[in-house]
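Residues per chain are reported as follows:
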Amino acid sequence: MALQDDLTAVQRSVDELLRAVGKLEQQVGDGSRGGPAAIDVRRVRADADHLRESVALLRASAHDPAAAPQKRLDLVTIPDTPYDSSLWTDSDDEGLGARDRHAP
């Protein structure tokens, strides 16, 4: 249960951050009136909202391990046998053009 306790603590911290950003927006402005400080507060608000969404995703994946991204990639075997040369008929050589033409 330590993971759930840690996630709850992180959620509380993010909630406190959002409350503090709200107070800051009231003091400086929310960015709708312009000004350099107001634009910075709007950026902080967006970052705090993004952090809240990220914590929500993390909590959801912690509850449902199937929702977590898979870390193991399936290996694809590439055979050592040469490709059929007829696959490349009528294809342009990279940067050289067609077979009957030569690079300068």
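As the structure is a prediction and not an experimental result, all values here were calculated from the model.

## Some remarks on the nonpolar core
Looking at soluble globular proteins, one finds that nonpolar side chains tend to be buried together. If you look at the biggest cluster of nonpolar residues, it comprises 5 residues: V14, L18, V21, A48 and V55. Elements represented by at least two residues in this core include exactly α1 (2-28) and α2 (36-63). Setting aside anything within four residues of it in sequence, one finds V55 in contact with V10, Q11 and V14.

## A short note on α1
With 27 residues, α1 should cover 39 Å at 1.5 Å per step; its first-to-last C-alpha distance of 39 Å lies within 8% of that length. Among all positions of α1, only Q4, L7, Q11, V14, L18, V21, G22 and E25 are buried. At its buried positions, α1 is contacted by α2. Phi turns positive one or two residues past the end of α1, at G29, with a value near 120°.

## Comments concerning the pattern of salt bridges
Scanning the model with the defined rule gives 5 salt bridges in all. Across the pair R19 and E16 runs a salt bridge whose closest N-O atoms are separated by 3.0 Å. In this pair, R19 and E16 both sit in helix α1, 3 residues apart, roughly one turn of the helix. Judged by its relative accessible area of 48%, R19 falls in the partly exposed class. By relative accessible area, which is 44% here, E16 ends up partly exposed. R52 is the partner of D49 in a salt bridge, and the nearest nitrogen-oxygen pair spans 3.8 Å. One end of the pair is D49 and the other is R52, both in helix α2 and 3 residues apart, which spans about a single turn. Residue classification places R52 among the partly exposed residues on the basis of a relative accessible area of 35%. Here the salt bridges do not stand alone but share partners, grouping E25, R45, D49 and R52 into one network.

Parameters at a glance
The written sequence of each chain sets the order in which its residues are numbered from 1. Two thresholds apply to this predicted model, a pLDDT of at least 70 for residue-level local features and 80 or more for giving and counting side-chain atom pairs, whereas whole-chain, interface and lining totals are computed over all residues. Hydrogens are left out, water is left out, and the side-chain values use all remaining heavy atoms of the structure. The term nonpolar core refers to a set of buried residues drawn from Ala, Val, Leu, Ile, Met, Phe, Trp, Tyr and Cys, joined through side-chain atoms within 4.5 Å. Burial status follows relative accessibility: with a 1.4 Å probe on protein chains alone, a residue under 20% of its type maximum counts as buried, one over 50% as exposed, and anything between as partly exposed. Numbered from the N terminus, helices here are DSSP runs of H or I no shorter than four residues, and strands are runs of E no shorter than two. Working rule for contacts: check all heavy atoms of both residues, and any pair within 4.5 Å makes them a contact. Expected helix span is given by 1.5 Å per residue-to-residue step, counting one fewer step than there are residues. Salt bridge criterion: a side-chain nitrogen from Lys or Arg within 4 Å of a carboxyl oxygen from Asp or Glu.

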